[in-house]
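Structural overview for review
Listed below, chain by chain, are the residues.
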Amino acid sequence: MNTAKPIGPTPTANPAQAATAKPTETRGSRISARWRIVGWMVLTTAIVLLAIVASMRSILMGQVAQAANEGIVQEVDEFRTFVGEGVDPTTAEPFTSETELMERYLSRQTPATHEAFIAVTDERIMFLDNAADDAGELLAQDNAEVERLMTAAAASGVDETEYGTMRWGRAETEGGSALLVLQFTDPAQEQVNQQTFILVAVATGGLVLTAAIAWFVAGQILLPVRRISELATAIDDQDLSARIPVEGRDDIARAAHSVNGMLDRLEYAYGRQRHFVAEARVHLNRPLDKSLRALETASREGPSTARSSLWEMRRTLGDLALLADAQTPGFLRRKQVSVPAMLVQVLQEATRLSPQHEWTLHEVPETTANLDRDAVQAALLQLARNAADHTQTGEEITLAGVVLDPENTGRHADSVVPDAAEASVLPGTVLRVSVSNQGDPLAPESVRAMVEDYRSAAQEDIGETEPSTRTSSIHIGPGAPMEQANGNGDQDRVLGMGLGLAVARSVADAHHGSLWVTSDPSGLTTVGLDLPLDDDAPTEATSQAHQAQVADAMETDR
């Protein structure tokens, strides 16, 4: 037998041990999801910023080298042009010596920042310096360094000197003199380093801001997750009504909606379990009490009464087994069934069950339906038994069947199905079977109360003090809360109504159908099933246990 499991901590033999039990070790990170989100966002941002800073520094350093090289090339070209002309601009006469040429050229030049010129002739060394810390002048006074540059195989290069990084170029004349153009790049590179430091400081501030924003955003994103955790911790077997507020339409909202749906199903299953246990307790206590009283009196009627009570308990157990297994996948054994033959058999069984009432059959549709005949017959017999329990001896109880076609809504004038239940909640063509009897009318204002909770006489035994009410018209579709419509009769009759509708509702749900109840002011109450004829559910064979339980319920009725 499948029953819903209660939600909450698993019971243990020792509550103190349960309170102090160590949590089961699980795989995975011990760092919270919020910190992991922040960590990954900060790491990603840091990598991007690092790449940006490194790229900017590399570009700036390249620009320093390029600017130095372009300055050297420009000065060398100008010097070669000047030498090629070979005329003193001030006198328009040719130069008389290499020294005069160098002096005149240097007098016409202004070195750029961090630049120096050194003119070397056979007679002397001349210089023009604009480098930091007089680097050009100091180098010009270093004969060994000047000699190295003059005799170098290459006409240009990059050297690391005691004056810093130096880029240089050499332009020679035909007379053996030379002009050295020097660019000292350390000051420019230092400026680049300072700019890089500023970028790093700005990036660090941005990283801190990113971490703060990531912490806030992660908290907002994970807020529904925390609510789910808090809700799961707070839920116990006494209250499953708490739900997570769903906001938005993102993945988290869909997850919250799914959790709420799971809680709906758990609450429904747990309610069915409590209802099932309560019905079993009350329905079995009644015949057991009768048997004990009969045996204690030791009257002639004692054995007969005890035997009748035992048969009633067996019938109740069969009903409860059918009610439980109706929720099991593969319960139904569908096949094409003749609806008239099925209704006639139900009428015959009801007549045998309660011969003191007048049983009639109206509106028998000449059609077949793909359904589980034994299960539907058991459900109809439950409805018939309820009607007999709530009807005076000799009064009429009517069984009826009709096919509701949305394309053809015409009905017979003498239809026994009330107009209030004319429209089915199911789409497509529907087979409607019902049982009608005369009794107390159902109160229209109690419709909503009947579909909100499990309400039956059995629940009064477990603490329900507010009596259930009857409704004037109600459809209970698949998956909706099961409800028992109870009248004001004695306890035995009310108990039968609770279990009967529960069994009928389970059979209707298994067929993807619905259970409905109507009552008019005159007290004519009709309870029926709507079973879809357009249902595409495949025909499935039930297990031997399921078939045996259905057959047992039918045999008990006989």
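1. Comments concerning the pattern of salt bridges
One pass over the full model with this rule turns up twelve salt bridges. Here Arg124 ties to Glu103 by a salt bridge, and the two come within 1.7 Å at their closest N and O atoms. Separated by 21 residues along the polypeptide, Arg124 in the loop between β1 (115–120) and β2 (125–129) and Glu103 in helix α3 (residues 98–107) bring together distant segments of the chain. Relative accessible area serves as the criterion here: at 40%, Arg124 is assigned to the partly exposed category. Here Glu103 falls in the partly exposed class, since its relative accessible area comes to 35%. Connected through salt bridges with shared partners, the residues Glu145, Arg148 and Asp159 form a single ionic network.

2. Things to note about the packing of helix α2 (residues 33–85) against α3
Relative to each other, α2 and α3 sit at 130°, their axes nearing to 11 Å. Classed by the angle they form, the pair α2 and α3 counts as oblique. Considering how the two elements wind past one another, α2 and α3 form a crossing that is right-handed. Each of Glu75, Glu78, Phe79, Phe82 and Val83 in α2 lies in contact with α3, whose residues at this interface are Leu101, Met102, Arg104 and Tyr105. The residue inventory of the contact of α2 with α3, partitioned by class, reads six nonpolar, no polar and three charged.

3. Here's the deal with the confidence of the model for the protein
For the protein, per-residue confidence averages 76 on the pLDDT scale, and residues scoring 70 or more make up 71% of the total. The lowest-confidence element of the protein is helix α11 (residues 447–452), averaging 40 in pLDDT; the highest-confidence one is strand β5 (residues 178–184), averaging 93. The low-confidence segment residues 1–22, where pLDDT is below 50, has 20 contacts with residues more than four positions distant or belonging to other chains. Below pLDDT 50 for its whole length, residues 409–416 participates in 14 contacts with residues either more than four positions away or in separate chains.

4. Quick look at the nonpolar core
Counting residues in each nonpolar core, the largest one holds 39 residues, and the members touching the most others are Trp359, Leu371, Val376, Leu380, Leu383 and Leu529. Of all the secondary structure elements, the ones that give two or more residues to this core are α9 (339–353), β8 (368–371), α10 (373–389), β9 (396–404), β10 (430–438), α13 (491–510), β12 (514–519) and β13 (524–532). Top contributing element to this core by residue count: α10, with ten residues. With residues up to four places along the chain from it excluded, the contact list for Trp359 reads Leu347, Ala350, Thr351, Ser354, Ala384, Ala388, Ile397 and Leu399. Formed by 16 residues, the second largest nonpolar core is a distinct cluster that contains Met166, Trp168, Leu182 and Phe184.

5. Overview of the sheet that holds β2
The antiparallel open sheet is built from five strands, whose spatial order is β2-β1-β5-β4-β3. Each edge of the open sheet carries a strand with a single partner, namely β2 and β3 (156–161). Averaged over neighbouring strand pairs, the angle between their axes works out to 20° when direction is ignored. Of the pairings in the sheet, the one linking β1 to β5 comprises six bridges and is antiparallel in character. Among the inter-strand pairings, Ile118 is bridged to a residue of β5, identified as Leu180. Across the sheet, α3 touches β1, β2 and β5, and the angle it forms with β2 is around 5°. Of the strands in this sheet, β1, β2, β3, β4 (164–172) and β5 touch helix α5 (residues 143–151), which is tilted by about 55° from β4.

6. Overview of the packing of α2 against helix α6 (residues 186–234)
Viewed as axis vectors pointing N to C, α2 and α6 meet at an angle of 160°, and their least axial separation amounts to 8 Å. One way to sum up the angle between α2 and α6 is to call them roughly antiparallel. Between α2 and α6 the crossing geometry is right-handed. Taken together, the residues of the contact of α2 with α6 sort by class into 25 nonpolar, seven polar and three charged.

7. A short note on the packing of aromatic side chains
Enumeration over the complete set of coordinates arrives at four aromatic pairs. Pairing Trp35 with Trp215 gives two aromatic rings, centres 4.6 Å apart and planes at 55°, and the pair type is tilted. Linking Trp35 in helix α2 with Trp215 in helix α6, this pair joins segments that are 180 residues apart in sequence. Given a relative accessible area of 52%, Trp35 falls into the exposed group.

8. Topic: α10
When the terminal C-alpha atoms of α10 are compared, their 24 Å separation across 17 residues agrees well with the 24 Å that a helix rising 1.5 Å per residue should span. With a side-chain oxygen positioned 3.2 Å from the backbone nitrogen of Asp374, the residue opening α10 is Asp372.

9. Structural notes on a nonpolar patch on the surface
Residues Val48, Ile52, Met56, Ile59 and Leu199 make up a contiguous nonpolar surface patch of roughly 410 Å² in combined accessible area. The greatest single-element share of the nonpolar patch, amounting to four residues, is contributed by α2. Secondary-structure assignment places Leu199 in helix α6. Using a relative accessible area of 33% as the deciding quantity, one classes Leu199 as partly exposed.

Calculation criteria
- Residues numbered from 1 in each chain as written.
- Predicted model: local features only at pLDDT ≥ 70, side-chain atom pairs only at ≥ 80, totals over all residues.
- Heavy atoms only, no water.
- Salt bridge = Lys/Arg side-chain N within 4 Å of Asp/Glu carboxyl O.
- Helix = DSSP H or I, 4+ residues; strand = E, 2+ residues; numbered from the N terminus.
- Buried < 20%, exposed > 50% of the residue type's maximum accessible area, 1.4 Å probe, protein only.
- Axes fitted to C-alpha atoms, helices over the stretch in contact; angles between N-to-C directions.
- Parallel < 35°, antiparallel > 145°, perpendicular 65-115°, else oblique.
- Left-handed = near helix turned anticlockwise from the far one by under 90°.
- Contact = heavy atoms within 4.5 Å.
- Nonpolar A, V, L, I, M, F, W, Y, C, P; charged D, E, K, R; others polar.
- pLDDT = per-residue confidence, 0-100.
- Core = buried A, V, L, I, M, F, W, Y, C linked by side-chain atoms within 4.5 Å.
- Pairing = 2+ DSSP bridges.
- Phe/Tyr/Trp six-rings, centres within 6.5 Å; stacked < 30°, edge-to-face > 60°.
- Expected span 1.5 Å × (residues − 1).
- Polar contact = N/O pair within 3.5 Å; in protein donor to acceptor, adjacent residues only side chain to side chain.
- Patch = residues over 30% accessible without salt bridge, like charges linked within 9 Å, V, L, I, M, F, W, Y side chains within 5 Å.
- Areas by Shrake-Rupley, 256 points an atom, 1.4 Å probe, with all protein chains shown as cover.

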